[in-house]
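# Report on the structure
Read off the chains here:
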Amino acid sequence: MNQRRTRIYEGKAKILYEGPEPGTVVVHYKDDATAFNNQKKDVIDGKGVINNRISEYIFSKLNGLGIPTHFIKRLNMREQLVHKVEIIPLEVIVRNVAAGTLAKRLGLEEGTALPRSLIEFCYKNDELGDPLVSEEHIMAFGWASPVELDEMMAMSIRINDFLSGLFMGIGIKLVDFKLEFGRQYEGDMVRTVLADEISPDSCRLWDIDTDEKMDKDRFRRDLGGLMDAYQEVARRLGILNGNEPPERSKPVLVKSD
Ligand code: 5GP
């Protein structure tokens, strides 16, 4: 690693360095796993490498769909180049199936299908344990503007539609996931872009047939086998060992004589 780089910030699972060009940042994925607001910690060999690959894969697909993201390119096994953004201090949680804190809060059995997808917001604040907040709080405290809130919700719905289909196609149920957004400044302009990562650290992914957990709940709930599960997600996505899934061949014009 290039030690001359300026470290901007070190979080629980990632380190941010100044990027090579103004307005860029290098994200370094660590092997550290934390849960319950840092009360549970471990180092899981190779987790950073696999999350870097999975997140790269998903963000590239989202960029391709025209959803604006901070992602520029993967640099190496653990690092990616992204646009510098000012993080909006909210976690946007999208849920398709009751699990985790929603199941607990409302007394629902984990695995119950929700009547429709739900979007929740948490205020990003480690000291407070990222509390659930409403749009009223977001507006009153000015954490995001009404336009930003609309953009975040619209993008979250599109991302959920895309990811639900992507995972369903490889036999995985997208139970819920967490997104973060940022403000990307370009001269006088500012735009809302998807930031952070999308990986089994930030999603609940269950095998469609067995409901086996293939995500960070294996760590949170001491189920073991986290790396095997993450590797299986990568393998099903077709990105293990640098193998991209084969491009579909173009339709061929069939002539009838
Ligand atoms: P829950 O609110 O049920 O704990 O989490 C809902 C979803 O958001 C889960 O997929 C979970 O992994 C994700 N999530 C919630 N908070 C965080 C967080 O602080 N970090 C990460 N990586 N994911 C989170």
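Just so it is clear, the model here is predicted, and its values are computed rather than measured. (Residues numbered from 1 in each chain as written. Predicted model: local features only at pLDDT ≥ 70, side-chain atom pairs only at ≥ 80, totals over all residues. Heavy atoms only, no water.)

## Some thoughts on the domain arrangement of the protein
For clarity, the cut-off: Annotation comment: domain bounds sourced from an automatic or database domain assignment. The contact rule is simple, with two residues in contact once any of their heavy atoms fall within 4.5 Å. By convention, the term buried area covers the 1.4 Å-probe accessible surface removed from two parts as they join, with the contributions of both added.
You can read the domains of the protein as domain 1 (7-83) and domain 2 (86-225). Each of domain 1 and domain 2 has a C-alpha centre, and the two are 17 Å apart. If you look at the interface, domain 1 gives 28 residues, while domain 2 gives 25 residues. With both sides pooled, the region where domain 1 packs onto domain 2 buries about 2300 Å², and carbon together with sulfur makes up 63% of that total.

## Some points on the pattern of salt bridges
Any two side chains of opposite charge can pair, so long as their charged atoms come close to each other. Keep this limit in mind: In the sections that follow, a salt bridge refers to a side-chain nitrogen of Lys or Arg positioned within 4 Å of a carboxyl oxygen of Asp or Glu. Strands are runs of DSSP state E lasting at least two residues, helices are runs of H or I lasting at least four, and both sets are numbered from the N terminus onward. Buried residues are those whose accessible area, probed at 1.4 Å on protein chains only, stays under 20% of the maximum for their type, while exposed residues exceed 50% and partly exposed ones sit between those limits.
Scanning the entire structure with this criterion turns up 30 salt bridges. Where Glu-10 meets Lys-30, a salt bridge forms, and the shortest distance between an N and an O atom there is 2.7 Å. Within this pair, whereas Glu-10 is found in strand E1 (residues 7-10), its partner Lys-30 is found in the loop between strand E3 (24-29) and strand E4 (32-35), the two being separated by 20 residues in sequence. Exposure remark for Lys-30: the relative accessible area of 11% places this residue in the buried category. Notably, a salt bridge pairs Arg-105 with Glu-120, separated by 3.0 Å at the nearest N-O pair. Within this pair, whereas Arg-105 is found in helix H2 (residues 100-106), its partner Glu-120 is found in strand E10 (residues 113-123), the two being separated by 15 residues in sequence. When salt bridges with common partners are traced through the structure, they connect Arg-95, Arg-105, Glu-110, Glu-120, Asp-176, Arg-204, Asp-217, Arg-220 and Arg-221 into a single cluster.

## With respect to the site of the ligand
Note the following rule: We define proximity as follows: a residue is near a molecule or strand when any one of its heavy atoms falls within 4 Å of that partner. By the criterion applied in these results, polar contacts are pairs of N or O atoms within 3.5 Å in which, for protein atoms, one can donate a hydrogen and the other can accept it, and in which residues neighboring in sequence qualify only through two side-chain atoms. Note on areas: Shrake-Rupley with a 1.4 Å probe; residue coverage comes only from the protein chains shown. Gly falls in the polar group here, along with every residue not listed as nonpolar (Ala, Val, Leu, Ile, Met, Phe, Trp, Tyr, Cys, Pro) or charged (Asp, Glu, Lys, Arg).
Taken together, the neighbourhood of the ligand is formed by 15 residues, with Arg-95, Thr-101, Asp-176, Arg-204 and Arg-220 sitting nearest. A distance of 2.6 Å is found between an oxygen atom of the ligand and a side-chain nitrogen or oxygen belonging to Asp-176. One nitrogen or oxygen atom from the side chain of Arg-220 is found 2.9 Å from an oxygen atom belonging to the ligand. In isolation the ligand has 490 Å² of accessible area, and contact with the protein removes 81% of it. Of the residues assigned to the shell around the ligand, the class counts are four nonpolar, three polar and eight charged.

## Considerations on a negative patch on the surface
We count it as follows: Patch construction takes residues with relative accessible area above 30% that form no salt bridge. Like charges are linked within 9 Å, and nonpolar side chains (Val, Leu, Ile, Met, Phe, Trp, Tyr) are linked within 5 Å. Counted as positive: Lys and Arg. Counted as negative: Asp and Glu, with His and the chain ends omitted from the count. Taken as the charge location is NZ of Lys, CZ of Arg, CG of Asp or CD of Glu.
Together, Glu-135, Glu-136, Asp-150 and Glu-151 give the surface a local cluster of negative charge. Within the secondary structure, Glu-151 sits in helix H4 (residues 146-168).

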